[in-house]
Amino acid sequence: MARTAADFGLTCGTLPNGAFNAITDVPGVRVGHRTLRQGDINTGVTAILPHGGNLFRDKVTAAAHVINGFGKTVGLMQVQELGTIETPVLLTNTLSVGTCATALIRDAIRRNPDIGRTTGTVNPVVGECNDAPLNDIQALAVSEDDALAALADAHEGHVEQGNVGAGTGMSCFGFKGGIGSASRKIALGGDRHLGVLVLSNFGRRGDLILPDGRRPDPRRAAEPERGSVLIVLATDVPLEHRQLDRVARRAGAGIARLGSFWGNGSGDIVIAFSTGNRVDHDESRDLVPLLALNEARIDVLFRATVEATQEAVLNSMLSAEAFTGRGGTHRASLADWLRDQSW
């Protein structure tokens, strides 16, 4: 059973959670995983779908923000230039980015045979973290079929967290990391939601600061900061690209609350989208209407982003079981530390 920050009495902020306390509290958003665990292979793919339709034809407004750029993503340049996402977002290990991008391209062509023929090409979006300490990353174990399996597994509702999908081989603050999610319910013209899903693989051992001020295991020797965190943020609040960029930047404050200083070797990247605005690929009108948030109301989204990001990282660690990976490399569980602080 997944354990969360709330199970341990750890409170991140003041805004209420959504029903699932996950990115899937944003209506229509789906999450799926493909987990690979055999011998020294401990990796996988996680898929985030902004909606269940044809994303190439019915795009969502989007933005991307680089907190620290030691990363190997695909597709973020066009997201920033055009302000839309037109494929699912895949998360995986560093050396499997190309494979996952190819899988997204093939899937988009299957759904839209005119891609590259009578209409433009497609912009796949893939993020990564380096799981090499626990996974034989050189084996290039992730296949296009694994990426497609993660897409096929995508569903609404409960999100599996911890040692699953892309999070299988990840570490965070010296403990086991992985996939985590959290959400906040917001009153803006009715009930709206902002949800975050993280792939946590960052933070030096001993730097973690819990919301109650405790610093787990600070006596153990620290290592250089070489990890990464991919943060995917979704909301049904109608936002245009510039507003999404502003909201995405606040995710950095969420990981800073936990003790991260965004080290030189860390790839800390945010991908944000709104399901409240859609862009029709086949739009024929010269001028199109756009619904956007009153900028004077945006502070509640900033707060929701910080709180949900902080909690999603904690949930990724607390849901993760203790793990022994490649070459006997071991990562303890933060949940175990909280149960027994004597070791």
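To be clear, the structure that these remarks concern was listed above.
This report concerns the structure included in the present document.

### Some words on helix H6 (residues 299-318)
Compared with an ideal rise of 1.5 Å per residue, which puts 20 residues at 28 Å, H6 spans 29 Å between its outermost C-alpha atoms and is within 8% of the ideal. With respect to burial, H6 is a largely interior element, 17 of its 20 residues being buried.

### Some words on the pairing of strand S6 (residues 125-129)
Most of S6 sits inside the fold, with five of its five residues counted as buried. Taking every second residue as pointing to the same face, both faces of S6 are buried, with Val125, Gly127 and Cys129 on one and Val126 and Glu128 on the other. As defined by bridge partners, strand S5 (residues 89-93) adjoins S6 across five bridges and the pair is classed as parallel. For Leu90, the partnering residue across the bridge sits in S6 and is Val126. Running through helix H2 (residues 97-111), the crossover from S5 to the neighbouring parallel element S6 is right-handed.

### Observations concerning helix H4 (residues 241-249)
For an α-helix, the turn length of 3.6 residues means that residues three or four places apart are oriented alike. When we look at burial in H4, the residues that qualify are Gln243, Leu244, Asp245, Val247 and Ala248. N-capping of H4 is provided by Glu240, with a side-chain oxygen placed 2.8 Å from the backbone N of Arg242.

### Quick notes on the packing of aromatic side chains
With the rule as written, the count across this model stands at one aromatic pair. Seen in terms of ring centroids, Phe173 and Phe202 are 5.1 Å apart; in terms of plane orientation they differ by 65°. Their pairing is edge-to-face. A residue pair is termed long-range when its members are at least 10 positions apart, and Phe173 in the loop between strand S7 (171-172) and strand S8 (175-176) and Phe202 in the loop between strand S10 (191-201) and strand S11 (228-235) qualify at 29 residues. Side by side, Phe173 and Phe202 carry an identical accessibility label, which is buried. Across the ring face of Phe302, the terminal group of Arg250 is positioned such that the distance to the ring centre comes to 3.7 Å.

### Some points on the nonpolar core
Grouped together as the largest cluster of nonpolar side chains are 46 residues, with contacts concentrated most on Leu194, Leu301 and Leu334. Residue contributions to this core peak at nine residues, all from H6. Residues Ala22, Val26, Ile48 and Leu199 belong to the second largest nonpolar core, which totals 29 residues.

### Some thoughts on the state of the cysteines
Taken as a whole and assessed by the stated rule, the structure comprises zero disulfides. Left without a disulfide partner, Cys129 is nearest to the cysteine sulfur of Cys172, which lies 9.4 Å away. On the basis of relative accessibility, which here comes to 0%, the residue Cys129 falls in the buried class.

Rules and cut-offs
- Residues numbered from 1 in each chain as written.
- Predicted model: local features only at pLDDT ≥ 70, side-chain atom pairs only at ≥ 80, totals over all residues.
- Heavy atoms only, no water.
- Helix = DSSP H or I, 4+ residues; strand = E, 2+ residues; numbered from the N terminus.
- Expected span 1.5 Å × (residues − 1).
- Buried < 20%, exposed > 50% of the residue type's maximum accessible area, 1.4 Å probe, protein only.
- Pairing = 2+ DSSP bridges.
- Right-handed = clockwise from strand over helix to strand, strands pointing away.
- Polar contact = N/O pair within 3.5 Å; in protein donor to acceptor, adjacent residues only side chain to side chain.
- Phe/Tyr/Trp six-rings, centres within 6.5 Å; stacked < 30°, edge-to-face > 60°.
- Lys NZ or Arg CZ within 6 Å of the ring centre and 35° of its normal.
- Core = buried A, V, L, I, M, F, W, Y, C linked by side-chain atoms within 4.5 Å.
- Disulfide = S-S within 2.5 Å.

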